[in-house]
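Descriptive structure summary
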Amino acid sequence: MNWAINDLLTVGFTLFAVIDIVGSIPLLISLKMRLGGIREFRATWMSGALMIVFLFIGERLLSIFGVDVGSFAVAGSIVIFILGLEMVLGIEFFKTEGDPKSSTLVPIAFPLIAGSGTLTTIISLRANYSEVVILIGILVNLIIVFVVLKSLNYLARLLGEAGLLAVRKFFGVVLLAIAVKIFATNAHGLIK
(Lines give C-alpha, C1' and ligand atoms only; values in the text may rest on other atoms or scores of the structure.)
Protein backbone atom coordinates (compact mmCIF):
# COMPACT_ATOMS: atom_id res chain seq x y z
CA MET A 1 0.00 0.00 0.00
CA ASN A 2 2.90 2.36 0.75
CA TRP A 3 4.17 2.20 -2.85
CA ALA A 4 0.67 3.02 -4.11
CA ILE A 5 0.53 6.16 -1.95
CA ASN A 6 3.95 7.28 -3.22
CA ASP A 7 2.85 6.60 -6.80
CA LEU A 8 -0.39 8.49 -6.23
CA LEU A 9 1.47 11.48 -4.79
CA THR A 10 3.90 11.50 -7.71
CA VAL A 11 1.14 11.25 -10.33
CA GLY A 12 -1.08 13.77 -8.52
CA PHE A 13 1.65 16.39 -8.14
CA THR A 14 2.86 15.85 -11.70
CA LEU A 15 -0.63 16.46 -13.08
CA PHE A 16 -1.13 19.43 -10.74
CA ALA A 17 2.07 21.03 -12.04
CA VAL A 18 1.21 20.38 -15.69
CA ILE A 19 -2.45 21.47 -15.44
CA ASP A 20 -1.24 24.58 -13.57
CA ILE A 21 -4.74 25.72 -12.64
CA VAL A 22 -3.28 28.23 -10.17
CA GLY A 23 -1.21 29.85 -12.93
CA SER A 24 -4.31 30.00 -15.14
CA ILE A 25 -6.35 31.98 -12.61
CA PRO A 26 -5.71 35.41 -14.21
CA LEU A 27 -6.70 34.12 -17.66
CA LEU A 28 -9.77 32.35 -16.27
CA ILE A 29 -10.87 35.52 -14.46
CA SER A 30 -10.36 37.49 -17.67
CA LEU A 31 -12.40 34.97 -19.67
CA LYS A 32 -15.13 34.91 -17.03
CA MET A 33 -15.41 38.71 -17.06
CA ARG A 34 -15.47 38.84 -20.86
CA LEU A 35 -18.00 36.02 -21.21
CA GLY A 36 -20.17 36.99 -18.29
CA GLY A 37 -19.58 33.62 -16.65
CA ILE A 38 -18.04 30.18 -16.88
CA ARG A 39 -19.93 26.93 -16.52
CA GLU A 40 -17.60 25.52 -13.87
CA PHE A 41 -19.02 22.02 -13.57
CA ARG A 42 -19.27 21.55 -17.31
CA ALA A 43 -15.70 22.78 -17.90
CA THR A 44 -14.47 20.42 -15.16
CA TRP A 45 -16.22 17.31 -16.41
CA MET A 46 -15.38 18.04 -20.07
CA SER A 47 -11.69 18.39 -19.25
CA GLY A 48 -11.90 15.27 -17.06
CA ALA A 49 -13.51 13.33 -19.91
CA LEU A 50 -10.69 14.40 -22.24
CA MET A 51 -8.07 13.28 -19.71
CA ILE A 52 -9.74 9.91 -19.13
CA VAL A 53 -10.18 9.29 -22.87
CA PHE A 54 -6.49 10.06 -23.36
CA LEU A 55 -5.57 7.75 -20.51
CA PHE A 56 -7.16 4.78 -22.22
CA ILE A 57 -7.07 5.51 -25.96
CA GLY A 58 -5.03 8.69 -26.45
CA GLU A 59 -2.29 7.43 -28.72
CA ARG A 60 -4.71 5.28 -30.73
CA LEU A 61 -7.11 8.20 -31.12
CA LEU A 62 -4.38 10.50 -32.38
CA SER A 63 -3.11 7.83 -34.79
CA ILE A 64 -6.62 7.46 -36.27
CA PHE A 65 -6.39 11.13 -37.27
CA GLY A 66 -2.82 10.62 -38.49
CA VAL A 67 -1.47 12.88 -35.75
CA ASP A 68 1.46 12.06 -33.51
CA VAL A 69 1.88 13.29 -29.94
CA GLY A 70 4.45 15.91 -31.00
CA SER A 71 2.11 17.47 -33.58
CA PHE A 72 -0.69 17.51 -31.03
CA ALA A 73 1.55 19.26 -28.51
CA VAL A 74 2.62 21.87 -31.10
CA ALA A 75 -1.01 22.61 -32.01
CA GLY A 76 -1.88 23.06 -28.33
CA SER A 77 1.14 25.32 -27.86
CA ILE A 78 -0.11 27.61 -30.63
CA VAL A 79 -3.50 27.99 -28.93
CA ILE A 80 -1.77 28.69 -25.58
CA PHE A 81 0.47 31.24 -27.33
CA ILE A 82 -2.58 33.07 -28.71
CA LEU A 83 -4.19 33.10 -25.25
CA GLY A 84 -0.97 34.56 -23.82
CA LEU A 85 -0.97 37.27 -26.50
CA GLU A 86 -4.55 38.14 -25.56
CA MET A 87 -3.51 38.61 -21.95
CA VAL A 88 -0.41 40.70 -22.69
CA LEU A 89 -1.77 42.86 -25.51
CA GLY A 90 -5.39 43.13 -24.41
CA ILE A 91 -6.56 42.07 -27.88
CA GLU A 92 -9.35 39.53 -28.33
CA PHE A 93 -8.50 36.72 -30.76
CA PHE A 94 -11.08 34.20 -29.53
CA LYS A 95 -14.31 35.87 -30.56
CA THR A 96 -17.33 34.93 -28.49
CA GLU A 97 -20.96 35.92 -28.33
CA GLY A 98 -20.67 36.35 -24.58
CA ASP A 99 -22.20 32.93 -24.01
CA PRO A 100 -20.33 30.84 -21.44
CA LYS A 101 -21.53 27.67 -23.20
CA SER A 102 -19.57 28.49 -26.34
CA SER A 103 -16.23 28.82 -24.53
CA THR A 104 -16.57 25.98 -22.05
CA LEU A 105 -14.81 23.47 -24.33
CA VAL A 106 -12.39 25.80 -26.15
CA PRO A 107 -10.37 27.45 -24.67
CA ILE A 108 -11.30 26.53 -21.06
CA ALA A 109 -11.57 22.71 -20.96
CA PHE A 110 -9.04 22.47 -23.80
CA PRO A 111 -6.28 23.71 -23.86
CA LEU A 112 -6.29 25.47 -20.45
CA ILE A 113 -7.26 22.60 -18.17
CA ALA A 114 -6.76 19.49 -20.31
CA GLY A 115 -4.14 20.92 -22.63
CA SER A 116 -1.71 19.15 -24.88
CA GLY A 117 0.86 19.09 -22.08
CA THR A 118 -1.60 17.45 -19.69
CA LEU A 119 -2.79 14.92 -22.25
CA THR A 120 0.70 13.94 -23.39
CA THR A 121 1.78 13.69 -19.72
CA ILE A 122 -1.10 11.29 -19.07
CA ILE A 123 0.03 9.15 -22.01
CA SER A 124 3.59 9.22 -20.65
CA LEU A 125 2.53 8.33 -17.08
CA ARG A 126 0.97 5.09 -18.37
CA ALA A 127 4.48 3.76 -18.97
CA ASN A 128 5.30 3.81 -15.24
CA TYR A 129 2.03 3.82 -13.27
CA SER A 130 -1.16 1.81 -13.18
CA GLU A 131 -4.33 3.18 -14.76
CA VAL A 132 -6.04 3.17 -11.34
CA VAL A 133 -3.36 5.42 -9.80
CA ILE A 134 -3.53 7.79 -12.79
CA LEU A 135 -7.34 7.86 -12.62
CA ILE A 136 -7.26 8.78 -8.93
CA GLY A 137 -4.66 11.48 -9.68
CA ILE A 138 -6.92 12.89 -12.41
CA LEU A 139 -9.96 12.91 -10.11
CA VAL A 140 -8.10 14.66 -7.28
CA ASN A 141 -6.90 17.33 -9.70
CA LEU A 142 -10.41 17.77 -11.12
CA ILE A 143 -11.70 18.52 -7.62
CA ILE A 144 -9.00 21.20 -7.27
CA VAL A 145 -9.89 22.60 -10.72
CA PHE A 146 -13.58 22.81 -9.80
CA VAL A 147 -12.84 24.58 -6.50
CA VAL A 148 -10.61 27.12 -8.28
CA LEU A 149 -13.23 27.74 -11.00
CA LYS A 150 -15.94 28.27 -8.37
CA SER A 151 -13.66 30.71 -6.49
CA LEU A 152 -12.89 33.03 -9.43
CA ASN A 153 -15.27 35.81 -8.29
CA TYR A 154 -13.69 35.83 -4.84
CA LEU A 155 -10.19 35.84 -6.33
CA ALA A 156 -11.10 38.71 -8.67
CA ARG A 157 -12.37 40.78 -5.72
CA LEU A 158 -9.25 39.91 -3.72
CA LEU A 159 -6.90 41.06 -6.48
CA GLY A 160 -8.86 44.17 -7.45
CA GLU A 161 -8.83 45.74 -10.89
CA ALA A 162 -5.22 47.00 -10.82
CA GLY A 163 -3.90 43.78 -9.29
CA LEU A 164 -5.81 41.72 -11.82
CA LEU A 165 -4.34 43.71 -14.71
CA ALA A 166 -0.78 43.33 -13.38
CA VAL A 167 -1.21 39.61 -12.71
CA ARG A 168 -2.86 39.06 -16.12
CA LYS A 169 0.06 40.73 -17.94
CA PHE A 170 2.63 38.78 -15.91
CA PHE A 171 0.94 35.41 -16.43
CA GLY A 172 0.37 36.27 -20.09
CA VAL A 173 4.14 36.40 -20.51
CA VAL A 174 4.44 33.14 -18.54
CA LEU A 175 1.87 31.51 -20.87
CA LEU A 176 3.84 32.75 -23.89
CA ALA A 177 7.02 31.22 -22.44
CA ILE A 178 5.25 27.91 -21.74
CA ALA A 179 3.88 27.85 -25.28
CA VAL A 180 7.33 28.53 -26.75
CA LYS A 181 8.83 25.76 -24.60
CA ILE A 182 6.17 23.22 -25.65
CA PHE A 183 6.63 24.26 -29.28
CA ALA A 184 10.44 24.06 -29.14
CA THR A 185 10.38 20.69 -27.38
CA ASN A 186 8.03 19.09 -29.91
CA ALA A 187 8.58 20.93 -33.21
CA HIS A 188 12.09 19.63 -33.97
CA GLY A 189 10.85 16.31 -35.33
CA LEU A 190 7.97 17.72 -37.37
CA ILE A 191 9.91 19.35 -40.22
CA LYS A 192 11.56 16.79 -42.45
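Before reading on, note that the structure itself is shown above.
Residues numbered from 1 in each chain as written. Predicted model: local features only at pLDDT ≥ 70, side-chain atom pairs only at ≥ 80, totals over all residues. Heavy atoms only, no water.

**Re a nonpolar patch on the surface**
A cluster of nonpolar side chains, namely Ile-5, Leu-9, Phe-13, Phe-16, Val-22, Val-132, Ile-136, Val-140 and Ile-144, defines an oily patch on the protein surface of about 770 Å² accessible area. Counting only elements with at least two residues in the nonpolar patch, the list comes to helix 1 (2–19) and helix 7 (131–150). In this structure, Ile-144 sits in helix 7. (Patch = residues over 30% accessible without salt bridge, like charges linked within 9 Å, V, L, I, M, F, W, Y side chains within 5 Å. Areas by Shrake-Rupley, 256 points an atom, 1.4 Å probe, with all protein chains shown as cover. Salt bridge = Lys/Arg side-chain N within 4 Å of Asp/Glu carboxyl O. Helix = DSSP H or I, 4+ residues; strand = E, 2+ residues; numbered from the N terminus.)

**As for the side chain of Glu-40**
For Glu-40, the location among the structural elements is in helix 3 (residues 40–64). Leaving out residues up to four positions away in the same chain, Glu-40 has contacts with Lys-32, Phe-146, Leu-149 and Lys-150. (Contact = heavy atoms within 4.5 Å.)

**Some points on the pattern of salt bridges**
Summed over the entire model, instances satisfying the criterion amount to four salt bridges. Its salt-bridge partner being Glu-86, residue Arg-34 comes within 3.6 Å of it at the nearest N-O pair. Of this pair, Arg-34 sits in helix 2 (residues 25–35) while Glu-86 sits in helix 4 (residues 69–89); the two residues are 52 residues apart in sequence, bridging distant segments of the chain. A relative accessible area of 28% means that Arg-34 is categorised as partly exposed. Here Glu-86 falls in the buried class, since its relative accessible area comes to 6%. The residue Arg-126 makes a salt bridge to Glu-131 at a minimum N-O spacing of 3.0 Å. Through salt bridges with shared partners, a single network forms among Lys-32, Glu-40 and Lys-150. (Buried < 20%, exposed > 50% of the residue type's maximum accessible area, 1.4 Å probe, protein only.)

**So, the packing of helix 4 against helix 5 (residues 104–113)**
Relative orientation of the contacting elements helix 4 and helix 5 amounts to 120°, with a least axis distance of 10 Å. Put simply, helix 4 runs oblique to helix 5. As for how helix 4 packs across helix 5, the hand of that crossing is left-handed. Mapping the contact onto sequence places Phe-72, Val-79, Ile-80 and Leu-83 in helix 4 and Pro-107, Phe-110, Pro-111 and Leu-112 in helix 5. Within the contact of helix 4 with helix 5, the residues separate by chemical class into eight nonpolar, no polar and no charged. (Axes fitted to C-alpha atoms, helices over the stretch in contact; angles between N-to-C directions. Parallel < 35°, antiparallel > 145°, perpendicular 65-115°, else oblique. Left-handed = near helix turned anticlockwise from the far one by under 90°. Nonpolar A, V, L, I, M, F, W, Y, C, P; charged D, E, K, R; others polar.)

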